[in-house]
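Structure assessment
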Amino acid sequence: MQTGRCGCGIKIFFYNTECIACHAVLGHCENCQRVSSFGSSLDASHGANGCCANCNEMTRSCTNRSLGICNSQMLANADGALCEFCAFTEMLPSLDLQDNVAKLQELERAKRQLLLQLQLLGLPPERTLTDQFKPLRFRFLADTIDESGGIQRVYTGHADGIITLNIQEADSVYRERTRIELNEPQRTLIGHLRHEYGHYLDWCLPEERRSQYIDLFGDPAALAYEDAKQKYYSGDRVPNWKDSYVSEYASMHPWEDFAESTNLYLDLLAVISTAQLSPLAGRLMASVHEKEIGEIVRKALDIAIFASELNADLGLAPLLPENIPSAVVSKLAFIHGLRHWKPKRWGSLPERSATNAV
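Since the model is a prediction, treat every value here as computed from it, not as a measurement.

Observations concerning the pairing of strand 4 (residues 34-37)
Where strand 3 (residues 26-29) and strand 4 come together, four bridges link them in antiparallel fashion. Residue pairing for strand 4: H28 is matched across the bridge by V35. Counting the residues between successive antiparallel strands, the hairpin from strand 3 to strand 4 contains four residues, one of them, Q33, with a positive phi of roughly 55 degrees.

Written out as structure tokens, the structure reads:
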């Protein structure tokens, strides 16, 4: 994740809101796209106007800083009340419940982590909100009770550019219990979002990319998704799936294969990018985003294997798989080739106004 320096010189991190040394307001500057400090005269919880220590532009806080779910600073003359990250969220649960606010803080943190990575990689959606194609939107919602007393479940998934997450996923006890029930190696908020983003990226692909897609992932039209899902959960699984897929779940249907492969691709790039920030790592790979996928995979696995040994010392799970088969590397290469790709524009994002709550 992105790091920087406060005006006082101390190292700061992407999620910081206040400097522990000088108490300056910290956050992410929309103008220079860097972590920065914005002056010690601001309220670190609610924010206000302040000058970015990196680009020297006058900024003001996203209105969601007062809820503790954002630390972005916009240009002082920017339109709307929300920063570019918060504007991607179009529906929220009721914020009258403090428990919902706490869960939303975790969800929005993971969402900002995803969006920052997509910016750095040059993957859609574009950063400029007025120049969008097939807009990406998020809905963070809670289960509700209908008039007859029945529970209306919110299911995590993607449909037509909308990524929906049940806010219960921000409850670590619920998430771990579900991870064990579904026999998943890991279940995290950023993992959810990277996987569902994979479905969004799949949805965005133009027809000229479909032939290669089908060669690598299979034809989604060959088996109805619901039939594939029923087959998978009935126990009819692909034998020797580890030879061709990143996970057993990826073998269920081409859509899931692409989403799981996208998740792994983003994981690998995140691991290398963060490792390069450590003085212990040295200069791992200059211009990592421009390297060939094979080199990226090798370097990421070197880092992951070392980190997994550290995890083992503490009784924690491995960071990543220790081996990625060549068939999966070919799929990662396809996704790697989508960077800086500009498909035909379509649609627009909602206005940058206060986020809707339901």
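Let us keep going from here.
Observations concerning the sheet that holds strand 7 (residues 72-75)
Sheet architecture is open: five strands sit in the order 4-3-7-6-5, paired in mixed fashion. In this open sheet, the two edge strands, each paired with only one partner strand, are strand 4 and strand 5 (50-51). Of the strand pairs in this sheet, strand 5 and strand 6 (residues 58-61) are connected by two bridges, and their pairing is antiparallel. Each residue of the ladder has a partner; that of G50, found in strand 6, is T59.

Some details on the nonpolar core
Counting residues in each nonpolar core, the largest one holds 67 residues, and the members touching the most others are F138, F140, Y197, F258, Y265 and L332. Counting only elements with at least two residues in this core, the list comes to helix 1 (98-121), strand 9 (137-141), strand 13 (162-166), helix 3 (189-204), helix 4 (210-217), helix 6 (254-275), helix 7 (293-313) and helix 8 (326-336). The element that contributes the greatest number of residues to this core is helix 6, accounting for nine residues.

Describing helix 3
Residues spaced three or four apart along an α-helix face the same direction, because each turn holds 3.6 residues. Relative to the 22 Å expected for 16 residues at 1.5 Å per residue, helix 3 spans 23 Å between its end C-alpha atoms, a close match to the ideal helical length. At the N-terminal boundary of helix 3, the capping side chain belongs to T188, with an oxygen 2.9 Å from the backbone nitrogen of G191.

A closer look at the pattern of salt bridges
Under the counting rule described, the total for this entry stands at nine salt bridges. A salt bridge links E90 to R137; its shortest N-O distance comes to 4.0 Å. One end of the pair, E90, is in strand 8 (residues 89-92); the other, R137, is in strand 9, with 47 residues separating them in the sequence. E90 sits in the buried class, given a relative accessible area of 13%. The partner of D267 in a salt bridge is R194, with the nearest N and O atoms 2.7 Å apart.

Some details on the side chain of E196
Within the fold, E196 resides in helix 3. For E196, a relative accessible area of 7% corresponds to the buried category. Here H158 takes part through its backbone nitrogen, which lies 3.2 Å from a polar atom of the side chain of E196. Sequence-distant contacts of E196, that is, excluding residues within four places in its chain, are made with T156, G157, H158 and I163.

A few points about the packing of helix 1 against helix 6
Helix 6 packs onto helix 1 with a crossing angle of 80 degrees between their chain directions and a minimal axis gap of 11 Å. As far as their axial angle goes, helix 6 and helix 1 are roughly perpendicular. Contact residues: L114, Q117, L118 and L121 in helix 1; Y265, L266, L269 and A270 in helix 6. Considered class by class, the residues forming the contact of helix 1 with helix 6 number seven nonpolar, one polar and no charged.

Quick look at the packing of aromatic side chains
Two aromatic rings are characterised by how far apart their centres lie and by the angle between their planes. Inspection of the entire model under this criterion finds 13 aromatic pairs. Centre to centre, the rings of F138 and F140 are 6.1 Å apart; their planes meet at 40 degrees, and the pair counts as tilted. Comparing F138 with F140 shows no difference in burial state: the two are buried. Taking 6.3 Å as the distance between ring centres and 75 degrees as the angle between the ring planes, the aromatic pair formed by F258 and F334 counts as edge-to-face. Of the two residues, F258 is situated in helix 6 and F334 in helix 8; the sequence distance between them amounts to 76 residues. For the pair F258 and F334, one class covers both residues: buried. Every member of this aromatic cluster is reached through a ring pair, and the members are Y213, F217, F258 and F334. Directly above the ring of W203 sits K134, whose terminal nitrogen or CZ lies 4.8 Å from the centroid. A cation over a ring is seen here: R237 above Y232, with NZ or CZ 3.8 Å from the ring centre.

Definitions and cut-offs
Residues numbered from 1 in each chain as written. Predicted model: local features only at pLDDT ≥ 70, side-chain atom pairs only at ≥ 80, totals over all residues. Heavy atoms only, no water. Pairing = 2+ DSSP bridges. Helix = DSSP H or I, 4+ residues; strand = E, 2+ residues; numbered from the N terminus. Core = buried A, V, L, I, M, F, W, Y, C linked by side-chain atoms within 4.5 Å. Buried < 20%, exposed > 50% of the residue type's maximum accessible area, 1.4 Å probe, protein only. Expected span 1.5 Å × (residues − 1). Polar contact = N/O pair within 3.5 Å; in protein donor to acceptor, adjacent residues only side chain to side chain. Salt bridge = Lys/Arg side-chain N within 4 Å of Asp/Glu carboxyl O. Contact = heavy atoms within 4.5 Å. Axes fitted to C-alpha atoms, helices over the stretch in contact; angles between N-to-C directions. Parallel < 35°, antiparallel > 145°, perpendicular 65-115°, else oblique. Nonpolar A, V, L, I, M, F, W, Y, C, P; charged D, E, K, R; others polar. Phe/Tyr/Trp six-rings, centres within 6.5 Å; stacked < 30°, edge-to-face > 60°. Lys NZ or Arg CZ within 6 Å of the ring centre and 35° of its normal.

This is a description of form; function is not addressed.
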